[in-house]
Amino acid sequence: MHIHQERRSRNASELVLLHGLTRRWQTFTPLLPSLQSRYALTLVDLPGHGESHPNPAGYLVKDYVEAMVAWVDGFPVDS
């Protein structure tokens with residue numbers, strides 16, 4: 001399943017923003033100017049929201065959690 005992410009990269013600590021139900025990453029637009037000056041931002045659309053693909057497992061909270069755990073497991077980490 002494709003999870004859409006918008007990255008605002010900087011040489012800084014990573015901050016991942018997950019929106020609430022019935023939203024999308026653009027929920028955070030008013031906060032971006034102050035946050036992106038301090039953090040490398042990754043804004044994520046939950047499954048079935050924004051540009052992310054639907055979740056074949058469903059839309060219970062546990063389904064979102066499982067999808068996000070899988071996404072985090074594949075998130076690139078600089079070492």
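Residues numbered from 1 in each chain as written. Predicted model: local features only at pLDDT ≥ 70, side-chain atom pairs only at ≥ 80, totals over all residues. Heavy atoms only, no water.

A. Inspection of the packing of aromatic side chains at higher detail. Under the defined criterion, the tally for this structure stands at two aromatic pairs. On the numbers, 5.0 Å between centres and 55° between planes, the contact of Trp 71 with Phe 75 is tilted. As far as the burial class goes, Trp 71 and Phe 75 line up, both buried. (Phe/Tyr/Trp six-rings, centres within 6.5 Å; stacked < 30°, edge-to-face > 60°. Buried < 20%, exposed > 50% of the residue type's maximum accessible area, 1.4 Å probe, protein only.)

B. Focus on unusual backbone geometry. Even without glycine at this site, Thr 22 takes up a positive phi of about 65°. Structurally, Thr 22 is set in the loop between β2 (14–18) and α1 (32–36). On the basis of relative accessible area, Thr 22 is assigned to the exposed category, the value being 71%. (Helix = DSSP H or I, 4+ residues; strand = E, 2+ residues; numbered from the N terminus.)

C. Up close: the pattern of salt bridges. In total, this model carries three salt bridges according to the counting rule given. For Glu 14, the salt bridge identified is with Arg 7, shortest N-O distance 3.3 Å. Given a relative accessible area of 36%, Glu 14 falls into the partly exposed group. Arg 7 gets classed as partly exposed once you look at its relative accessible area, which sits at 37%. The closest approach of N and O atoms between Asp 63 and Lys 62, which form a salt bridge, is 3.2 Å. (Salt bridge = Lys/Arg side-chain N within 4 Å of Asp/Glu carboxyl O.)

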